[in-house]
Amino acid sequence: MNRANTTGAGKSIVIPAVMTGIALAVLLALGVWQLQRKAEKEQFLGGLQQSIGAAPMALAKDSVPPELTRVRVTGQYLTARSVPVRVTLAAPRNLRELGGLGFFWMTPLALDGGGTVFVNRGFVPANSDGRAPAIETPTGPQTITGLIRHPENQGPFAPADVPARGDYFNRDPARLATAAGLADVATAYFIDEERGPDGSVAPVGLDAKALMARIPNKHLEYALTWFAFALTLAIIFGLFVRNRRRETAAAL
């Protein structure tokens, strides 16, 4: 009788041990992933900080500049080929900011040296019906200063593009070129145009300093939280095993 009780108590630890091991592996993996995200975020912010103070470079033809390189290009906007990309930004914190439901206004720029590159002219609030408003585009030769950005990948929870309705959700130059009916377009990057003097008039271009201030970097906190969960689970399982051993000893 005692031997049966001992055997049953010993077997009862196996399933909890397996489940605890799986849970610990998941929690530790989440913690490590957050540390990786922290390193990626710090690399991005470091590159952005460096770009803010750098003199803009000329955009060499047939080259793919590193992301966040500050460049200056000259050309003419192809206004009729603009493709609004849907986005929701955080609520504005002051009168010089815009936010909420709107669009990144992606307009192709025919470069003086040949070729075309999409320029994100900035954020434009949506109309009350959720559609894109009419936006004026400067005509004639334009000199644009901004940051190189690489194509956005569609996330697992991002809506799919609906070309029939003109709805696009990712700043992917290849997709936008297809939507605009353009062939000679740089598909490996686009340009985030810097904000003009009046940041309250749409489209509102990129303000790198404001962007840095608004980008959260709490990945270390998240990592420590996951590791704390793992430690707590390990302690709980240790107490569980101790109690089971006491029960087994009492049954002898």
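Throughout, residues of each chain are indexed from 1 in the direction in which the sequence is written. This being a predicted model, a pLDDT of at least 70 is required before a residue's local features are given, and a value of 80 or more before pairs of side-chain atoms are given or counted; all residues contribute to the totals for chains, interfaces and linings. Side-chain measures here rest on the full set of heavy atoms in the structure, leaving out hydrogens and waters.

Examined against the element boundaries, Ser-82 turns out to sit in the loop between β2 (70–77) and β3 (83–89). When the C-alpha positions of Ser-82 and Asn-120 are compared, they lie 9.7 Å apart, and in sequence the two are 38 residues distant. Any two residues having at least one pair of non-hydrogen atoms within 4.5 Å are treated as being in contact. Leave out the neighbours within four places in its chain, and Ser-82 touches Trp-105, Met-106, Thr-107 and Pro-108. Polar contacts here mean pairs of N or O atoms no more than 3.5 Å apart (in protein, one a potential hydrogen donor and the other a potential acceptor; neighbouring residues in sequence count only if both atoms are side-chain atoms). In this structure the side chain of Ser-82 is engaged in a polar contact, spanning 2.9 Å, whose partner is the backbone oxygen of Thr-79. Engagement of the side chain of Ser-82 in a polar contact is seen with the side chain of Thr-107, the distance being 2.8 Å. In this description a helix means any DSSP run of H or I spanning at least four residues, a strand means any run of E spanning at least two, and both kinds are numbered starting from the N terminus.

Of all ten residues making up strand β5 (residues 116–125), nine are buried, and the element is well covered by its neighbours. A pair of strands is treated as paired once DSSP finds two or more bridges between them. Here strand β4 (residues 100–111) hands over to β5 after four residues, with Gly-114 in that stretch at a positive phi of 105°. Relative accessible area decides the class of each residue, using a 1.4 Å probe on protein chains only: under 20% of the type maximum gives buried, over 50% gives exposed, and in between gives partly exposed.

Our focus in this paragraph is the nonpolar core. Taken as a class, soluble globular proteins show a tendency for nonpolar side chains to be buried jointly. Buried Ala, Val, Leu, Ile, Met, Phe, Trp, Tyr and Cys residues form a nonpolar core when they are joined through side-chain atoms within 4.5 Å. Among the nonpolar cores identified, the biggest contains 14 residues, and Val-83, Val-85, Phe-104, Met-106, Phe-118 and Leu-176 are the most heavily contacted of them. For this core, the secondary-structure elements that each account for two or more residues are β3, β4, β5 and α3 (173–180). In this structure Met-106 touches Ser-82, Val-83, Val-85, Phe-118, Val-119, Asn-120, Arg-171, Leu-176 and Phe-190, once residues within four positions along its chain are discounted. By size, the runner-up hydrophobic cluster in this structure holds twelve residues, among which are Val-71, Ile-144, Ile-148 and Ile-191.

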